[in-house]
Amino acid sequence: MSGTPPELPIIVVDALMPKAQRLVVNRRGSMVWEVESHRGQYAVKVGYPIEATADWPAQPWTALAPAREGAVLYRISFDDFAYGEWERGTWNFQPWREGLDLYELWKPCREPDSRTEPHISVALGCVEALAELHAKGWAHGDVQPAHFIIGPERTHLIDLALARGGHIPEWYDFPFRGCLVHYEAPEIARSVLANGAAEPTQEADVYALGASLLISATGWRAVEYPDDAPRHEQRRAIASGKRRPVRVSGELGELIDTMLSPAPGDRPTIYEVGKALSRARQRPPR
C-alpha cells in the first residue's frame, strides 16, 4: 500500500455507513477495521496482493482471502455478513467479537513462578467452537490462539479464510500453503515441504488446538527450533514428529499430549477432546 493512511473501500462505507471506525491490522496483504454502524459492531476485512520484495515473495492470494472467507461463511450458514470486491482485491464484514483471545487470557499462567492454572472451562469453550465447525464437515486450517475469542457468553472461532470442506467459487479460491508454522501438524508440514501445498484436515486442527493450548498455558511452542530459522527449517523440525514434553499439569496436560501425537490417527477427535474436558471439569478438585 502507499504511504497514505488506508481507507475503507467505498462499497463497504455505503453498506455500513460507519459512525466510527478503527484500523486494527494493516500488514501483509490484509487490513482489518473495527466499525461501529447503525447495524451494530463489525469486523471489516480488506485484502490486497503482496508485491515481491527482497525478502518476501509475491502473494497475490492475499487479495482473495476476505471473499474466500465470505464464501465459507455462506456455506456454513453464518448470519449477518457480506463480501465482495474492490479495486485492489476483496472484502468482507461480519460481527465484531468482543473478548480476549486465548493467548492473552492465559497470560497470568505464563508469569514467572505463577501458580495460576489454565482453566478447563476456557479450553472447553475453544473445543466447542472448533467442534461446531467440524460438525458441519469443515476443517479450519488456521487454528491458533489468536483465532479463539473468549467472550462474555461464549467462545468464537474466527478467521475462516483457509477453511476447507465445501464448494468455494474458483475465482476466490487458492491452494492451502500451510498456516502459522508453530501450529502446523507434522503431516501438513511434510506436504508443504514436498509439494508446496497441503490439504487441511480435522485431525490437523486437533493438533493445532493442542499446540495453541500448550503455548498459551506455558509460553512454549510444541516443537523446538530457533526463532530466526528460515521457514523451511522450522517446517523440517515439525515434520520430524519430535517435540517438547508437555509441561501442563493434570488431565489437561495429558489431553494436550495426545492431541499432539505425530500420527493423525493417534489423535482424539475434537468430540473426544470435548467429552474428556467435560468430565474433568465436573470432577471435584483433589
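Scroll up a little and you will see the structure.
Rules of the game
- Residues numbered from 1 in each chain as written.
- Predicted model: local features only at pLDDT ≥ 70, side-chain atom pairs only at ≥ 80, totals over all residues.
- Heavy atoms only, no water.
- Helix = DSSP H or I, 4+ residues; strand = E, 2+ residues; numbered from the N terminus.
- Rg over C-alpha atoms; globule rule 2.2 N^0.38 Å.
- Buried < 20%, exposed > 50% of the residue type's maximum accessible area, 1.4 Å probe, protein only.
- Contact = heavy atoms within 4.5 Å.
- Areas by Shrake-Rupley, 256 points an atom, 1.4 Å probe, with all protein chains shown as cover.
- Lys, Arg positive; Asp, Glu negative; His and termini not counted.
- Charge placed at Lys NZ, Arg CZ, Asp CG, Glu CD.
- Pairing = 2+ DSSP bridges.
- Axes fitted to C-alpha atoms, helices over the stretch in contact; angles between N-to-C directions.
- Polar contact = N/O pair within 3.5 Å; in protein donor to acceptor, adjacent residues only side chain to side chain.
- Expected span 1.5 Å × (residues − 1).
- Salt bridge = Lys/Arg side-chain N within 4 Å of Asp/Glu carboxyl O.

A. Just the overall build of the protein chain, in detail. The secondary structure content of the protein chain amounts to 9 helices and 8 strands. Computed over its C-alpha atoms, the radius of gyration of the protein chain comes to 19 Å, within 12% of the 19 Å expected for a compact globule of 286 residues. Relative to its full complement of 286 residues, the protein chain shows a buried share of 50%. The long-range fraction of contacts in the protein chain, counting pairs at least 24 apart against all pairs at least 6 apart in sequence, stands at 58%. Only carbon and sulfur atoms are counted for the fraction: they give 51% of the accessible area of the protein chain, which is about 14800 Å². Of the charged side chains in the protein chain, 32 are positive and 38 negative; the average position of the first set lies 4 Å away from that of the second.

B. Structural context of the sheet that holds strand β3 (residues 40-47). Read across the sheet, 5 strands follow the order β1-β2-β3-β5-β4 without closing on themselves; strand pairing throughout is antiparallel. At either margin of the open sheet sits one strand with a lone partner, and together these are β1 (20-27) and β4 (82-86). Averaged over all neighbouring strand pairs, the angle between strand axes comes to 20°, with direction disregarded. With 5 bridges connecting them, β3 and strand β5 (residues 89-95) associate as antiparallel partners. From the neighbouring strand, Lys 45 faces β5, where its bridge partner is Asn 92. Packed on one face of the sheet, helix α2 (residues 65-75) meets β3, β4 and β5 and runs near 45° to β5.

C. Spotlight on the sheet that holds strand β6 (residues 100-101). With antiparallel pairing, the 3 strands of this open sheet are ordered in space as β6-β7-β8. Looking at the sheet topology across the chains shown, the edges are occupied by β6 and β8 (155-157). The sheet contact formed by β6 and strand β7 (residues 148-150) spans 2 bridges and is antiparallel. If you follow Leu 100 over to β7, its bridge partner there is Ile 150.

D. The pairing of β1, seen in detail. Relative to strand β2 (residues 30-37), β1 is paired through 7 bridges, and the arrangement is antiparallel. Across the sheet, the residue bridging to Gln 21 is Val 35, located in β2. Between β1 and the antiparallel strand that follows it, β2, lie 2 residues; Arg 28 among them carries a positive phi value of about 45°.

E. Inspection of the side chain of His 134 at higher detail. Structurally, the position occupied by His 134 is in helix α4 (residues 120-135). Of the residues examined, His 134 reaches a relative accessible area of 4% and is grouped as buried. A polar side-chain atom of His 134 sits 2.9 Å from a polar atom in the side chain of Asp 205.

F. Spatial organisation of α4. Compared with the 22 Å implied by 1.5 Å per residue over 16 residues, the 22 Å span of α4 between its first and last C-alpha is a close match. With 12 of 16 residues buried, α4 lies mostly within the body of the structure. Among the residues making up α4, those that are buried are Ile 120, Val 122, Ala 123, Leu 124, Gly 125, Cys 126, Val 127, Ala 129, Leu 130, Ala 131, Leu 133 and His 134. Contacts made by the buried residues of α4 are with α3 (102-105), β7, β8, α6 (202-218), α8 (250-259) and α9 (270-282).

G. Structural view of the pattern of salt bridges. Applying the stated rule across the entire model yields 11 salt bridges. Its salt-bridge partner being Lys 19, residue Glu 36 comes within 3.9 Å of it at the nearest N-O pair. You can see Glu 36 sitting in strand β2 and its partner Lys 19 sitting in the loop between α1 (10-16) and β1, a full 17 residues away along the chain. Between Glu 184 and Arg 235 there is a salt bridge, and its shortest N-O distance comes to 2.6 Å. With Glu 184 in the loop between β8 and α5 (186-195) and Arg 235 in helix α7 (residues 231-239), this pair connects stretches of sequence that are 51 residues apart. The two residues Glu 184 and Arg 235 agree in class, both being buried. Among the charged side chains, a salt-bridge network with shared partners connects Lys 45, Glu 69 and Asp 159.

So far we have only geometry, and geometry alone does not tell us how the molecule works.
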